[in-house]
Every structure is written in structure tokens, then in C-alpha cells.
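Fold and contact review
The lines below spell out each chain.
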Amino acid sequence: EPEVTQTPSHQVTQMGQEVILRCVPISNHLYFYWYRQILGQKVEFLVSFYNNEISEKSEIFDDQFSVERPDGSNFTLKIRSTKLEDSAMYFCASRVTGGWEQYFGPGTRLTVT
Amino acid sequence: AQKITQTQPGMFVQEKEAVTLDCTYDTSDPSYGLFWYKQPSSGEMIFLIYQGSYDQQNATEGRYSLNFQKARKSANLVISASQLGDSAMYFCAMRELISNFGNEKLTFGTGTRLTIIP
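Heads up: these notes are all about the structure in this document. (Residues numbered from 1 in each chain as written. Chains lettered and ligands numbered in written order. Predicted model: local features only at pLDDT ≥ 70, side-chain atom pairs only at ≥ 80, totals over all residues. Heavy atoms only, no water.)

**A word on the pattern of salt bridges**
In plain terms, the rule: The salt bridge definition used is simple: a Lys or Arg side-chain nitrogen within 4 Å of an Asp or Glu carboxyl oxygen. Note on exposure labels: buried denotes an accessible area under 20% of the residue type's maximum, exposed denotes more than 50%, and partly exposed covers the range between, all computed with a 1.4 Å probe on protein chains only.
By the definition in use, this model includes seven salt bridges over all chains. In this structure, A:Glu44 and A:Arg36 form a salt bridge, with 3.5 Å as the shortest nitrogen-oxygen distance. Residue classification places A:Arg36 among the buried residues on the basis of a relative accessible area of 9%. One salt bridge in this structure joins B:Lys105 and B:Glu96, with 3.9 Å as the shortest N-O distance. Neither B:Lys105 nor B:Glu96 differs from the other in exposure class; each is buried. Through salt bridges that share partners, A:Arg95, B:Arg95 and B:Glu104 make up one connected network.

Shown next as C-alpha cells:
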């Protein structure tokens, strides 16, 4: 069964550094999402991406964040200058046109020290 | 704006018993959908069950069923014959249309930590 993959599974970075989280959505999906879950809290929507542009972003998704689909398979989330409060699990999800289910990847745990 | 409320931060249930996890929601959209996800300690989000607002019957998936009461705006998850492997965090979520291109986002509740006691 096709699945969403994410790399790395865990990343440790120092405050102020740039990080890129990578996702490979399911191949025939056209809607892509990033969500964040701070430890012990609920999952929060960050951004949705369709037709090579952002279609919606939350107030969390400020100028430090950016997303990109650099080729036909990858979908990336970049945090330009990480802060301690960016430490969280980041989930990528994708959805097929006309479908209701967002398929979640296994997540990347980001630790900012 | 949408809102999902899960009022049970934690629950302890004896193995083999049934358990109901509560979820209420608030939306003004006539078309919406409700999900339940399981999150074990390893962290991944596992899809369990989905109910569309226009679905006539309550959704069922194996041991999972969704008790959908539209007038009360509740979508409770029922797990029958609980097993030790059911111990996890459970999240209720609702899909919200966010653009004219059929795009959507999910809004999650705060979750319920379920512990199954042998």
C-alpha cells in the first residue's frame, strides 16, 4: 500500500540554524499539508499546498517558514532560523483529488537546542 | 471557525471491555467530515475511522464504530472488546473546506489518553 514518507525521523539542530524537513507524498496525490505537534499537545495545521502554491496557512506559519515542491516527488518544509519553540513533531500529509482522507507520514521529530 | 472538544484527558479501561471516547464539534458548514486518529507512543498518526456529515449510517471499521449524533454535534468513538494494544492517545479531528479548489484542512481536538488495564 502506498504511503507518505518523511526524512529524517529525528533532527537535532541549534537555535538559529536552518532546517529542511523532507516528505515524499503518495504519487497521485495533489494536495499536500504540514502539521505540527508540540510534545503533549494537539496537532496543529501549518500550511496547505496545491498546484505549486500555498492555498492556506495558519498564524503559526510566519516568515521563518517556507514550503516547496522542488521536483515531482518531494515536498519540503524549511525553517529559516530555528527557535527553541519550534521543537515539535512535524507531520506531512497528502490527499488525492476528490478524496476525504489525508494520509499522514510518520513524522519528523525536531529538537532545537 | 471550527472547534473540536475532547473533554476526557485520560481514561482507564479494563481489557475486553468496550470504551467510548467523547468528541463534540462546532461548525456552521453544512458539509464536513469527522475523523478519529490513534497515536501510539511511537508518535505516528494512525487513521481509524471517518464519518461524513451527509452519511446516513454510523461508520464502522472492525472494532471501531463512530456514534454520530448530528443534532447534538457529537461524534464519539466506540472501541469494542478493548485490547492492550489499544493503549494510546486518540484524537478527534474535523475537515474544513479552505478554498474553492476543494482544499481542506484538519482541526484536531486535544486528545484522550486511553490506558487499557490487563
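**A word on the state of the cysteines**
Definition in use: A pair of cysteine sulfur atoms is labelled a disulfide when the two atoms are within 2.5 Å. Counting from the N terminus, the helices are the DSSP runs of H or I reaching at least four residues and the strands are the DSSP runs of E reaching at least two.
Enumeration according to the criterion identifies two disulfides over all chains in this entry. What pairs with A:Cys23 in a disulfide is A:Cys92, and their sulfur atoms sit 1.9 Å apart. Taking the sign of the S-S torsion, -60° for the link of A:Cys23 and A:Cys92, the bridge is left-handed. Here A:Cys23 is found in strand S3 (residues 19-24), whereas its partner A:Cys92 is found in strand S9 (residues 88-95), with 69 residues between them in sequence. Like A:Cys23, the residue A:Cys92 is buried in the burial classification. Two residues, B:Cys23 and B:Cys92, share a disulfide whose sulfurs are 2.0 Å apart. Across the S-S bond linking B:Cys23 and B:Cys92, the dihedral sits near -60°, which makes this disulfide left-handed. Residue B:Cys23 is found in the loop between strand S3 (19-21) and strand S4 (24-26), and its partner B:Cys92 is found in strand S10 (residues 88-97); the two are separated by 69 residues along the sequence. Given a relative accessible area of 0%, B:Cys23 falls into the buried group.

**Comments concerning the sheet that holds S3(A)**
Paired through backbone hydrogen bonds, the strands of a sheet run either parallel or antiparallel to each other. Residues and elements named next belong to chain A. Rule in force here: By definition, two strands form a pair when at least two bridges between them are found by DSSP. For every element, the axis is a line fit to its C-alpha atoms; helices are fit only across the contacting stretch, and the angle between N-to-C directions ranges from 0 to 180 degrees.
Ordered by their spatial adjacency, four strands build an open sheet running S1-S3-S8-S7, and the pairing between neighbours is antiparallel. Lying at the two open borders of the sheet, with one neighbouring strand each, are strand S1 (5-7) and strand S7 (65-68). Strand-to-strand twist of the sheet, defined as the mean angle between neighbouring strand axes without regard to direction, takes the value 20°.

**A word on the packing of aromatic side chains**
Two aromatic rings are characterised by how far apart their centres lie and by the angle between their planes. Stated formally: Pairing of aromatic rings covers Phe, Tyr and the six-membered ring of Trp, with a centre-to-centre limit of 6.5 Å; geometry is then stacked below 30 degrees between planes, edge-to-face above 60, and tilted otherwise.
Under the criterion given, the structure shown has 23 aromatic pairs over all chains. Centre to centre, the rings of A:Phe32 and A:Phe75 are 5.3 Å apart; their planes meet at 40°, and the pair counts as tilted. Of this pair, A:Phe32 sits in strand S4 (residues 31-37) while A:Phe75 sits in strand S8 (residues 75-79), placing them 43 residues apart in sequence. On the basis of relative accessible area, A:Phe75 is assigned to the buried category, the value being 0%. Where A:Tyr35 meets B:Phe108, the ring centres are 5.9 Å apart and the plane angle is 80°; that geometry is what we call edge-to-face. Residue A:Tyr35 is located in strand S4, and its partner B:Phe108 is located in strand S11 (residues 104-108); the two belong to separate chains. The exposure class of A:Tyr35 is buried, given its relative accessible area of 0%.

**Quick notes on the side chain of B:Gln6**
All names here are of chain B. Note the cut-off: We define a polar contact as two N or O atoms separated by no more than 3.5 Å, with the added condition that, inside protein, one atom must be a possible hydrogen donor and the other a possible acceptor, whereas residues neighbouring each other in sequence contribute only through side-chain atom pairs. Should any heavy atoms of two residues lie within 4.5 Å, those residues are considered in contact.
Looking at the secondary structure, you find Gln6 in the loop between strand S1 (3-5) and strand S2 (10-14). For Gln6, a relative accessible area of 6% corresponds to the buried category. Within polar-contact distance, the side chain of Gln6 engages the backbone oxygen of Tyr90 at 3.1 Å. Not counting residues up to four positions away in its chain, the partners in contact with Gln6 are Asp22, Trp36, Tyr90, Phe91, Cys92, Gly109, Thr110, Gly111 and Thr112.

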